[in-house]
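Listed below are the residues making up each chain.
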Amino acid sequence: MIKTSYEFDQSILPAGSSLKTNILLRFRVDIAESPRRNLNLSLVIDRSGSMAGAPLHHALKAAESVVDQLEPDDILSVVVYDDEVDSVVPPQPVTNKAALKNSIQKVRAGGITNLSGGWLKGCEHVKAQLDPQKINRVLLLTDGHANMGIQDPKILTATSGQKAEEGIITTTLGFGQGFNEDLLIGMARAATGNFYFIQSIDEATEVFSIELDSLRAVVGQNLKVTLELADGVSLVDTLSLAKVSQNNASQPVLTLGELYEGEDKLLGLSLAIASAKVGDLPVMKLHYSADVVQDDVIQNISGTADVIAKIGTVEEAAFASTSQIILELSRLTIAKAKETALSLAEHGKHQEAEEILRDLVKDLRDKGLNENFEIAEEIDQLEYFAGRIAQKALGNAGRKEMRDQTYQTMTRNRSDLVGRGVTAGDEVYAMPIVNEVGSGVELHCVREGGKLRVKVVSDGYDSTKNVQFPRAIRAEGARYVVEGLEPSSDATFYRVRGDITRFAQPGQTDIFVAPRQSNFTNTGKASKGPASAADLPSTDSVGDNILVQCVKDGSKLRARVVSDGYEPDWNMRFPRSVREEGMLYVVDEVKTAPDGKSYIACGEIKRFVQGTSK
């Protein structure tokens, strides 16, 4: 029922001395055709002030697309949260899609972020309809940090693991640049769910569809692998994301989560082997188990497999062909290096972090793996991240990209999830500019499936092929002129030859002249209001300004900041003439008052009007 296979990075290992080797284990549910399992799904959506405008609009459109893709036997609930938690769709079968979507369309942005309250309400709804024959899942979407309710990441992560033990799995979705990726990834890992970085607001629907496709493809859950290592063999590292523990016999136990139809679950391991003699060497016994759909019911399936390495002379090992599995192992090794480098950089060890990435680039090139487009792309990513880390300028966006790429590679075996990143490299703004192509070749940077790709515009080339191009100067919509292109050794992609310049088309606005700045001017002056809120100018966009809400506090109306990064319970000096309970405002600036425990609204105040589209 569960098929296992394995390959070492070298088909023959050398005898006579201790060595380190990597092995890739594959697990797949072997069933002819899997029936689609019904879903018990709760969508939990952040509607706090920072989501106001386009972000909330796209998140709700994504939720509507989920409704369209569900079946009458599926159970759906929808929870929205800011400082309050509302079940806009209580748990119910998906029989009246129009009514469900109508309820979702009525959601409007509100106050601060009670992430724990919203998520726990979603878990409550799933638990009320819990069915082991269904996929029981909470999808938690947020764009900010928890600043109300339970805020401690350790508590939320541990609780996510506890809910998973009850059968309620959490998938987390980080929206934009303001969320806490450590929290969301921690919750997803603890629950053996999925995590997604929704990098641009218009890809929310696409990411929701990827998760729904994954849920439909679940054919096994709770995959656990116990390693019974032979004498002289030790586990050096785990290259895949897994919860690692030990059993009573001190053997490593790895929890790998879900198995998907048509998709191998990969487990990469780095092993140390003491000197061995020529011949077959037993390396370990694998003991595995998972809950698998069989005969329309879920049954626990277990098995055992022997892992044996072929040991040869030094000459035999040298001349033996390298396993084709080297590409998959390289992807895992790259992801592990990114994770290690990021951890080192965050502990102030920037030079060591940079060296790890650059050493890996050299090793990949030395092995000729840069002739594979996917690895060539990874090399560009590694060089980009190494440069940013060396400059101590990785930044929020770079950190999120790096963590997302690591997570997706080490948990899933899907090409549409790995290597995603749409953040423009800062270096694009400093590039030399030309206004004509001349004898060069014109290229264009586009976004495809969450990835920045470079394509050929000039005639005489295959415009469908990708171009290997420095990651640091990629920016969606940018055009370039290069001296020439040359095909890769297998002619599947192009490489840039010669100098690269940025192409600014005559008569068109150049959006990459300098980093785009806010139009906001810091006045530093306390805001003054007109006679009433009705006299305020209105806006449907927050932009780089601050969102404020008027709330009832006892018998008084108070103005409170609802944008992320501020104390949500501090009072604010705000014109009384425009205060109306529940109203949202956009202000130019919020300053901390001299008392150090309240705010002052500064600059222009506008009334925030939530439209149906953006």
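Everything numeric in this text was worked out from a predicted model, so none of it was measured.

S.K.: Please set out the packing of helix α4 (residues 153–165) against helix α5 (residues 181–191) residue by residue, giving values where relevant.
M.R.: Closest axis-to-axis distance for the α4/α5 pair is 7 Å, and the angle between their directions is 25°. When the axes of α4 and α5 are compared, the pair comes out roughly parallel. Classified by chirality, the crossing of α5 by α4 is right-handed. Judged by residue contacts, Pro 153, Leu 156, Thr 157, Ser 160, Gly 161 and Ala 164 of α4 engage Leu 183, Gly 186, Met 187, Ala 190 and Ala 191 from α5. Here the residues of the contact of α4 with α5 are counted per class, giving seven nonpolar, four polar and no charged.

S.K.: Tell me about empty space enclosed by the protein, and name the residues and values.
M.R.: Within this structure, the stated rule accounts for two cavities of 30 Å³ or more. One number sums up the size of the largest cavity: a volume of about 80 Å³. Asp 264, Lys 265, Leu 266, Thr 411 and Arg 412 are, among the 13 residues lining the largest cavity, the residues nearest its centre. Of all elements in the fold, only β13 (252–260), β14 (265–273) and α11 (395–411) reach the threshold of two or more residues within the lining of the largest cavity. Sorting elements by how many residues they give to the lining of the largest cavity places α11 first, with three residues. Split by residue class, the lining of the largest cavity holds four nonpolar, four polar and five charged. Taken together, Ile 185, Arg 189, Leu 241, Glu 339, Leu 342, Met 402, Arg 403, Thr 406 and Tyr 407 make up the full set of residues lining the second largest cavity. In terms of residue count, α11 provides more of the lining of the second largest cavity than any other element does, four residues in total. Within the lining of the second largest cavity, the residues separate by chemical class into five nonpolar, one polar and three charged.

S.K.: Before we move on, could you go through helix α8 (residues 326–346) and cite the residues and values that matter?
M.R.: For α8, built from 21 residues, the straight-helix expectation of 30 Å at 1.5 Å per residue is met to within 8% by its first-to-last C-alpha distance of 30 Å. Burial analysis of α8 places 15 of its 21 residues in the buried class, the great majority of the element. Phi turns positive one or two residues past the end of α8, at Gly 348, with a value near 85°.

S.K.: Describe the layout of surface pockets, naming the residues involved and giving the relevant values.
M.R.: In this model, the second largest pocket occupies a volume close to 620 Å³. Around the second largest pocket, the lining is made up of 27 residues, and of these Asn 22, Ile 326, Thr 333, Asp 363 and Lys 367 lie nearest the centre. Elements supplying a minimum of two residues to the lining of the second largest pocket: β3 (19–29), β11 (233–238), α8 and α9 (350–366). Residue composition of the lining of the second largest pocket, grouped by class: nine nonpolar, 11 polar and seven charged.

S.K.: Please give an account of the side chain of Thr 406 that cites residues and values.
M.R.: Relative to the elements of secondary structure, Thr 406 occurs in helix α11. Residue Thr 406 is classed as buried on the basis of its relative accessible area, which comes to 5%. At a separation of 3.0 Å, a polar atom in the side chain of Thr 406 contacts the main-chain carbonyl oxygen of Met 402.

S.K.: Give me the lowdown on the sheet that holds strand β15 (residues 279–294), citing residues and values where you can.
M.R.: The strand order across the open sheet built from six strands is β2-β16-β15-β10-β13-β12, with neighbouring strands paired in mixed fashion. Here the strands that pair on one side only, and so sit at the sheet edges, are β2 (13–14) and β12 (243–246). When strand β10 (residues 218–229) meets β15, the two strands line up antiparallel, connected through eight bridges. Its bridge partner being in β15, Glu 228 is matched across the sheet by Lys 285.

S.K.: Now, about the side chain of Gln 405: what can you tell me, with residues and values included?
M.R.: Tracing the sequence through the fold places Gln 405 in helix α11. Apart from residues lying up to four places away in sequence, Gln 405 is in contact with Lys 338, Gln 381, Phe 385, Gly 419 and Arg 420.

S.K.: Break down the environment of Ala 146 for me, citing the residues and quoting the values.
M.R.: One can find Ala 146 in the loop between β7 (135–142) and α4. Judged by its relative accessible area of 13%, Ala 146 is buried. On a C-alpha basis, the gap between Ala 146 and Ser 302 in space is 40 Å, while along the polypeptide they are 156 residues apart. Dropping the residues within four chain positions of it, Ala 146 is found in contact with Thr 113, Leu 115 and Gln 151.

S.K.: Let's hear about unusual backbone geometry: which residues, and what values?
M.R.: Located in the positive-phi region is Asn 222, a residue other than glycine, with phi close to 60°. The residue Asn 222 is located in strand β10 in this model. In this structure Asn 222 comes out as partly exposed when scored by relative accessible area, which is 40%.

S.K.: Got a sec to walk through the packing of aromatic side chains? Specific residues and values, please.
M.R.: Tallied over the full model, the rule gives 12 aromatic pairs. Ring centres of Tyr 6 and Phe 8 lie 6.2 Å apart, and the angle between their planes is 85°; this geometry places the pair in the edge-to-face category. Exposure remark for Phe 8: the relative accessible area of 7% places this residue in the buried category. When the ring of Phe 195 is compared with that of Tyr 407, the centres are 5.7 Å apart and the planes differ by 80°; the resulting orientation is edge-to-face. Here Phe 195, found in strand β9 (residues 195–198), pairs with Tyr 407, found in helix α11; they are 212 residues apart in sequence, far enough to count as distant. Each member of the pair, Phe 195 together with Tyr 407, is buried.

S.K.: I'd like to hear about the sheet that holds strand β6 (residues 85–93), residue by residue, with values.
M.R.: Here we have six strands laid out as an open sheet, ordered β6-β5-β4-β7-β8-β9, and mixed in their pairing. For this open sheet the edge positions go to β6 and β9, each flanked by a neighbour on one side alone. Put simply, the sheet's adjacent strands are angled 15° from each other on average, direction ignored. Sheet topology note: the strand β4 (residues 39–46)/strand β5 (residues 75–81) ladder contains seven bridges and is parallel. Bridge pairing in β5 places Asp 46 opposite Tyr 81. Here helix α2 (residues 97–105) sits on the sheet in contact with β5 and β6, set at roughly 170° to β6.

The rules behind the values
- Residues numbered from 1 in each chain as written.
- Predicted model: local features only at pLDDT ≥ 70, side-chain atom pairs only at ≥ 80, totals over all residues.
- Heavy atoms only, no water.
- Axes fitted to C-alpha atoms, helices over the stretch in contact; angles between N-to-C directions.
- Helix = DSSP H or I, 4+ residues; strand = E, 2+ residues; numbered from the N terminus.
- Parallel < 35°, antiparallel > 145°, perpendicular 65-115°, else oblique.
- Left-handed = near helix turned anticlockwise from the far one by under 90°.
- Contact = heavy atoms within 4.5 Å.
- Nonpolar A, V, L, I, M, F, W, Y, C, P; charged D, E, K, R; others polar.
- 1 Å grid on protein atoms, 1.4 Å probe; cavity = no way out; pocket = protein on both sides within 12 Å on 5 of 7 lines; lining within 4 Å.
- Points joined across faces, edges and corners; volume = space filled by probe spheres on them.
- Expected span 1.5 Å × (residues − 1).
- Buried < 20%, exposed > 50% of the residue type's maximum accessible area, 1.4 Å probe, protein only.
- Polar contact = N/O pair within 3.5 Å; in protein donor to acceptor, adjacent residues only side chain to side chain.
- Pairing = 2+ DSSP bridges.
- Phe/Tyr/Trp six-rings, centres within 6.5 Å; stacked < 30°, edge-to-face > 60°.

Shape is all these values report; function is a separate question.
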